[in-house]
Amino acid sequence: MAKMYYEKDCDLSYLNGKKIAIIGYGSQGHAHALNLKDSGCDVCVGLRQGSKNWAEAESHGLKVMTVADAAKWGDIVMMLINDEVQADVYKKDIAPNLVEGNALAFAHGFNIRYQQIVPPAGVDVFMAAPKGPGHTVRSTYVAGKGVPCLVAVEQNATGNAYKIALAYIAGIGGARAGVMETTFHDETETDLFGEQTVLCGGVVDLMQCGFETLVEAGYEPENAYFECIHEMKLIIDLINKGGVGMMNFSISDTAEYGEYVSGPRVLPHEEIKKNMRAVLSDIQDGTFAGKWIAENKNGRTFFNSMRANLAKHQMEVVGGELRKNMIWGDDQDMDTASK
């Protein structure tokens, strides 16, 4: 079994006297910066001049600098900007300001795994990767809990990289839930695979197919939305709490029987696994990474068209109208999405 760490295994004092520069103030960036600040750490946020997030970060009581100044200021530099822009920002603003003994940190291994970023030899390189959205990382921390995290060390230049990484994770609240040891290689490949085949690609396509099948058969789109999309969270919450067994215990026997007889008809295991193995192969050999890097260099035409098409899809339009009429009233606060 993978090695696990908890609060008793993490010594926050390894961050004493260290300045932590958080590069980016999006979903993960705001959570890491605020959680570390509340844990007593010396934190600043690095943003491009003119960023719309500059004033927001300052309003939260954080020091804000340009990316280059933050990298020069920090002893630990955490990269929390989008994967596709990290390499350019690193080469321009961060690499020139790293010195021996610094630590370069990531929440996802993409740019290290695919060698878009190649850190200098004298720098620690570690990963502190919460297994949940940044807004959940923040809201659970405020509630006195935490989101489970992965820890990995790619380069242990100082000899203390693991201790610093575990201290960092304790600072953002992850050690309250549990920290699992992995590698940059394994985290990157399994994370991309999970997103593409199950969590995002698989689930969204499955919900969309269910919605479309019911609507095409003449059922009201509102009914289709509730049955194939809205209830997904209720089912996943049960599985997250106690596995598929708890979910099956909670649903009706009729629903459980349908799971057994119809699930394999919709998703024939061997065919699905064959397709999944093809996706995994593209991740392992760099095909997917190459396509994503090229997509960003070429203006994101495919990406932007797919995003626009999804926004116009009937399930999104109907869902938006339904949520406005529910008791929670179209709540757009992502901090409450897990509640």
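Refer to the preceding data block for the structure.
Because the structure is a prediction, the values reported are computed rather than measured. (Residues numbered from 1 in each chain as written. Predicted model: local features only at pLDDT ≥ 70, side-chain atom pairs only at ≥ 80, totals over all residues. Heavy atoms only, no water.)

Visitor: Explain the overall build of the chain to me, please; I cannot follow it from the model alone.
Guide: Counting secondary structure elements, the chain contains 15 helices and 9 strands. For 339 residues, the compact-globule estimate of 2.2 N^0.38 gives 20 Å, and the chain sits close to it at 22 Å. With the principal axes as the frame, the chain shows a C-alpha extent of 65 × 45 × 40 Å. Pairs at least 24 residues apart make up 64% of the contacts formed inside the chain by residues separated by at least 6 positions. Charge-centre separation for the chain: the mean point of 31 positive side chains lies 5 Å from the mean point of 44 negative side chains. (Helix = DSSP H or I, 4+ residues; strand = E, 2+ residues; numbered from the N terminus. Rg over C-alpha atoms; globule rule 2.2 N^0.38 Å. Contact = heavy atoms within 4.5 Å. Lys, Arg positive; Asp, Glu negative; His and termini not counted. Charge placed at Lys NZ, Arg CZ, Asp CG, Glu CD.)

Visitor: Honestly, the packing of helix 8 (residues 184-199) against helix 12 (residues 269-284) in this entry has me stumped. Any pointers?
Guide: For any two helices packed against each other, one specifies the inter-axial angle together with the distance between the axes. One way to put it is that helix 8 packs onto helix 12 with a least axis distance of 10 Å and a crossing angle of 140°. In terms of crossing hand, the pair formed by helix 8 and helix 12 is right-handed. On helix 12, the residues that touch Glu189, Leu192, Phe193, Gln196, Thr197 and Val198 of helix 8 are Met276, Val279, Leu280, Ile283 and Gln284. Looking at the contact of helix 8 with helix 12, its residues break down into 7 nonpolar, 3 polar and 1 charged. (Axes fitted to C-alpha atoms, helices over the stretch in contact; angles between N-to-C directions. Left-handed = near helix turned anticlockwise from the far one by under 90°. Nonpolar A, V, L, I, M, F, W, Y, C, P; charged D, E, K, R; others polar.)

Visitor: Teacher, can you tell me more about the layout of surface pockets here?
Guide: There is about 240 Å³ of room inside the second largest pocket. Within the residue set of the lining of the second largest pocket, elements represented by two or more residues are helix 4 (83-94), helix 5 (110-113) and helix 13 (287-297). Residues belonging to the lining of the second largest pocket are distributed by class as follows: 5 nonpolar, 3 polar and 5 charged. (1 Å grid on protein atoms, 1.4 Å probe; cavity = no way out; pocket = protein on both sides within 12 Å on 5 of 7 lines; lining within 4 Å. Points joined across faces, edges and corners; volume = space filled by probe spheres on them.)

Visitor: What is the right way to read the pattern of salt bridges from this model?
Guide: Between side chains of opposite charge, a pair can form when the charged atoms approach closely. Within the structure shown, the criterion is met by 11 salt bridges. Of the charged contacts in the structure, one is a salt bridge between Lys92 and Asp93, with a shortest N-O distance of 3.3 Å. For Lys92, a relative accessible area of 61% puts it in the exposed group. Residue classification places Asp93 among the buried positions, given a relative accessible area of 16%. With its nearest N and O atoms 3.4 Å apart, the salt bridge here joins Glu270 to Lys273. (Salt bridge = Lys/Arg side-chain N within 4 Å of Asp/Glu carboxyl O. Buried < 20%, exposed > 50% of the residue type's maximum accessible area, 1.4 Å probe, protein only.)

Visitor: Any chance you could explain empty space enclosed by the protein here in plain terms?
Guide: One pass over the full model with this rule turns up 1 cavity of 30 Å³ or more. In this structure, the largest cavity encloses a volume near 30 Å³. Together, Lys18, Asp75, Ile76, Gly101, Asn102, Ala103, Asp124 and Ile164 line the largest cavity. Its residues assigned to classes, the lining of the largest cavity shows 3 nonpolar, 2 polar and 3 charged.

Visitor: What exactly am I supposed to notice about the sheet that holds strand 1 (residues 4-5) here?
Guide: Each strand in a sheet pairs with its neighbour through backbone hydrogen bonds, running either in the same direction (parallel) or in the opposite one (antiparallel). The 9 strands are arranged 1-9-8-7-6-5-2-3-4 in an open sheet whose pairing can be described as mixed. Each edge of the open sheet is held by one strand with a lone partner, namely strand 1 and strand 4 (63-66). As judged from the 4 bridges shared by strand 5 (residues 76-79) and strand 6 (residues 103-106), these two strands associate in the parallel manner. Note that in strand 6 the partner of Val77 across the bridge is Leu104. Along the sheet, helix 7 (residues 161-171) contacts strand 1, strand 2 (19-23), strand 5, strand 7 (124-130), strand 8 (149-155) and strand 9 (179-181); its crossing angle with strand 7, the most-contacted strand, is approximately 30°. (Pairing = 2+ DSSP bridges.)

Visitor: I'm lost on a nonpolar patch on the surface in this one. Help?
Guide: A cluster of nonpolar residues, Leu206, Val266 and Leu267, forms a patch on the protein surface that exposes about 250 Å² of accessible area. The topology assignment puts Val266 in helix 11 (residues 253-266). (Patch = residues over 30% accessible without salt bridge, like charges linked within 9 Å, V, L, I, M, F, W, Y side chains within 5 Å. Areas by Shrake-Rupley, 256 points an atom, 1.4 Å probe, with all protein chains shown as cover.)

Visitor: Which parts of the structure should I look at to understand the environment of Val43?
Guide: Mapped onto the elements of the fold, Val43 is located in strand 3 (residues 42-47). In this view, Val43 contacts Ile20, Ile22, Ala33, Leu36, Lys37, Leu62, Lys63 and Trp73; residues no more than four positions away in its chain are not counted.

Visitor: Can you help me understand the nonpolar core in this one?
Guide: The nonpolar side chains of a soluble globular protein tend to be buried with one another. Core analysis: the biggest nonpolar cluster contains 39 residues, and Leu15, Ile20, Ile22, Tyr25, Leu36, Phe126 and Tyr168 have the highest contact counts within it. It is helix 7 that provides the largest number of residues to this core, a total of 8 residues. Residues in contact with Phe126, not counting those within four places in the same chain, are Ile76, Ala103, Leu104, Ala105, Phe106, Ala152, Val153, Ala161, Ile164, Ala165, Tyr168 and Phe184. Ranked by size, the runner-up nonpolar core spans 25 residues in total, among them Ile23, Met79, Ile117 and Leu150. (Core = buried A, V, L, I, M, F, W, Y, C linked by side-chain atoms within 4.5 Å.)

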